[in-house]
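Structural characterization, general
Spelled out, the chains give:
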Amino acid sequence: MSTTPPPQALTDRPTATEHPAEVGALGWFRALGPRGRRAFAGAFGGYALDSYDYFTLPLSMVALAAYFGLDSGQTGLFTTVTLLASGIGGALAGVLADRAGRVRALMITVITYAIFTVACGFAPTFESLLVFRALQGLGFGGEWAVGAILVAEYASSKHRGRTLGAIQSSWAVGWALAAIVYTLVFSIFDADTAWRVMFWTGALPALLVVWMRRQVQDAPEAIAVREKSAGKGSFTAIFKPDLLRTTIFAGLLSAGVQGGYYTLATWVPTYLKSDRGLSVVGTGGYLTFLISGAFLGYLTGGYLTDRLGRRRNIWLFALLSAVCIVAYGNLPSGADTWLLVLGFPLGFCMSAIFSGFGSYLSELYPTAVRGSGQGFTYNAGRAVGAVFPTTVGFLADSWGVGGALVFGAIGYGIAALALLGLPETRGKELA
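Since this is a predicted model, take the numbers as computed values, not measurements. Just so you know, the residues in each chain are numbered from 1, in the order the chain's sequence is written. It should be noted that, the model being predicted, local features are given only for residues of pLDDT at least 70 and side-chain atom pairs only at 80 or more, the latter also being counted only at that level, while totals for whole chains, interfaces and linings use all residues. With hydrogens and water stripped out, all remaining heavy atoms of the structure feed into the side-chain values.

1. Observations concerning the overall build of the protein chain
The helix and strand inventory of the protein chain stands at 19 helices and zero strands. Relative accessibility thresholds used throughout: buried, under 20% of the residue-type maximum; exposed, over 50%; partly exposed, between the two (1.4 Å probe, protein chains only). Counting the 431 residues in the protein chain, one finds 61% classified as buried. We call two residues in contact whenever any of their non-hydrogen atoms come within 4.5 Å of each other. Pairs at least 24 apart in sequence give 84% of the contacts found in the protein chain among residues at least 6 apart. All accessible-area figures derive from a Shrake-Rupley calculation using a 1.4 Å probe, and residue coverage is judged against the displayed protein chains alone. For the protein chain, the exposed area adds up to about 15,500 Å²; of that, 68% sits on carbon and sulfur atoms. For helices the rule is a DSSP run of H or I covering at least 4 residues; for strands it is a run of E covering at least 2, with both sets numbered from the N terminus onward.

2. A short note on helix α16 (residues 370-385)
Here α16 spans 22 Å end to end across 16 residues, near enough to the 22 Å set by a 1.5 Å rise per residue. When you tally the buried positions in α16, you get 13 out of 16 residues, the bulk of the element. Each residue after the first adds 1.5 Å to the expected span of a helix.

3. Quick notes on the packing of helix α4 (residues 102-120) against helix α8 (residues 205-215)
At a minimum axis separation of 9 Å, α4 and α8 run at an interaxial angle of 165°. By the angle class used here, α4 and α8 are roughly antiparallel. The interaxial crossing formed by α4 with α8 has left-handed handedness. The residues of α8 that touch α4, namely those facing Leu106, Met107, Val110, Ile111, Tyr113 and Ala114, are Pro205, Val209, Met212 and Arg213. Polar here means any residue other than Ala, Val, Leu, Ile, Met, Phe, Trp, Tyr, Cys and Pro, which are nonpolar, and Asp, Glu, Lys and Arg, which are charged; Gly is therefore polar. Residues of the contact of α4 with α8, tallied by class, amount to nine nonpolar, no polar and one charged. Helix axes use the C-alpha atoms of the stretch in contact, all axes being lines fitted to C-alpha atoms, and the angles between their N-to-C directions lie in the range 0 to 180 degrees. Here the word oblique covers every angle except those under 35 degrees (roughly parallel), over 145 (roughly antiparallel) and from 65 to 115 (roughly perpendicular). By definition, turning the near helix anticlockwise from the far helix through less than a right angle yields a left-handed crossing, and turning it clockwise yields a right-handed one.

4. Digging into helix α15 (residues 357-364)
Counted residue by residue, α15 has eight buried out of eight residues, so it is predominantly covered. All buried positions along α15 are accounted for by Phe357, Gly358, Ser359, Tyr360, Leu361, Ser362, Glu363 and Leu364.

5. A word on the state of the cysteines
Here, a disulfide means two cysteine sulfur atoms that sit within 2.5 Å of each other. Enumeration over the complete set of coordinates arrives at zero disulfides. In this structure Cys324 is a free cysteine whose sulfur lies 4.2 Å from that of Cys349, the closest cysteine sulfur available. We classify Cys324 as buried; its relative accessible area is 10%.

6. Side note on the confidence of the model for the protein chain
Every residue gets a pLDDT, meaning the predictor's confidence in that residue, from 0 to 100. Averaged over every residue, the pLDDT of the protein chain is 82; the share at 70 or more is 86%. Averaged pLDDT values over the elements of the protein chain bottom out at 67 in helix α18 (residues 401-405) and peak at 94 in helix α7 (residues 191-200). Within the model, the stretch residues 1-18 combines pLDDT values under 50 with 43 contacts to residues more than four positions away or in other chains.

7. Let's talk about the packing of helix α3 (residues 72-100) against helix α5 (residues 126-152)
It is the contact of α3 with α5, at a shortest axis distance of 5 Å, that shows an interaxial angle of 40°. Our classification of the angle between α3 and α5 gives oblique. For α3 against α5, the interelement crossing comes out right-handed. Tallied by class, residues from the contact of α3 with α5 come to 15 nonpolar, nine polar and one charged.

The following block contains the structure:
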C-alpha cells in the first residue's frame, strides 16, 4: 500500500480538526506546522530585505540626481530599468522554482539582489549605476513570487489570504528599516558619500541565505505533485488555451496595481523633499505615517481577502487607492498637516490591495506550472507597470511631482477592469 498522502492535504499542513489551536488571531500561523513556519520566516525575511534593497534607490534619489547632474526623466529611468529587469528575472525565477524547487530558487534571487545592490554603491558613472541597478532587478523580481508560492503550498485554504498578507507586510518592515537607515546615514555623512553607504548596507540579505540553506524546505506534498507532472516549469504551458485567458488578465491586473504602487514608492520621497520642502528628518517623519499605514494595510487586506474573497478585496482597494493618490498629490501649499495625516490611509490602501496577490496568483495555476504562471504574470505586470514612474518623471518637469503622481491612479483603474476576466478562487486547495 502506498504511503503517499492524498494531494488535497499537503504534508505538515495540519487541519483544523487535528489542531483546534488553529482558530484565533494567530491560528493561521500555528496551522502552518513547524516546517511551514520556517518557510514563512525565510520568505518573510527575504521579502523584507528585498524591500530594503529596493528602497535604497528612491530614498537616495535626490542625492543621486545632484551627484550625477540628472533631470527628473533620468532619475525615473532608474526605477523603470529596475522593474523591467525584474520582469525578466521574476519570470525566469518562476520557471526555476518549478524545476529546481522553491527554496533553491529563493536563495538564488536573494543572493543576486544583495550582490548587485552593493555594487551600486561603487558605481562611478550614471551609466554604470543603471547597469548595476538592472542586474539587481533580476534578483529583486523573483523573490516575492517564489517566496509566496513556497508559503502558499504550506498554508490551508481557510487561512491562505491572511498568511500571504502577513508575508506581504514584510515589505513595509523592509521599507521602514530603509527609512531609518536613510535618516541615520544622511545625517552622519555628506550626501555624496551617504548614497553609496546606503547601497553598501544591501549586503544584509547574505546572512539570511546562510540560515535558509539549513532550515527551510519545500512543502513535501508539493514536491511529489511537481515530480509526477509533465511539462513543469514551462512558459509554453501557461499560454495554452486552458490557461491563456488567466495569464493575460492576471498580467493586466498585476500591471495596473504595480503601476500605481511604484509610482508612489518611487516619487513620494522626492515629492516630500522637492515639492513640499521637507528636510531629511522631516521626510523620514512623514514616511513613518505612510509606512505604518502600509504595514496595517497588508495585515488587514490579508484578513479581508479571506472574508470578502480575492476579487472583492482588490476591487475595494483599487478604488480607495485611486482616491487617495488624487487627494495626496493635490493638497494645497501649506497643508502639511493634512499631508501627514493622509499618508496613513494612502499607505494602508495601496498595500491592502497587494495582500491578496500571493494567494490569488498561486490559486490561479496548477502546481506543475505555479511558479511559471505566478512568476510570469506578476513580473510581466511589473515590467509594464515600470512605465508609470518614468512617465511621472517626465511629467514632473511641467506638472510638478505632486500633479504627476495622479497618473498612478490610472493603474488602479486598469486593475479593476482586469478582474472582469478572472475567476474567484477563495477556498481552493493547492496540490
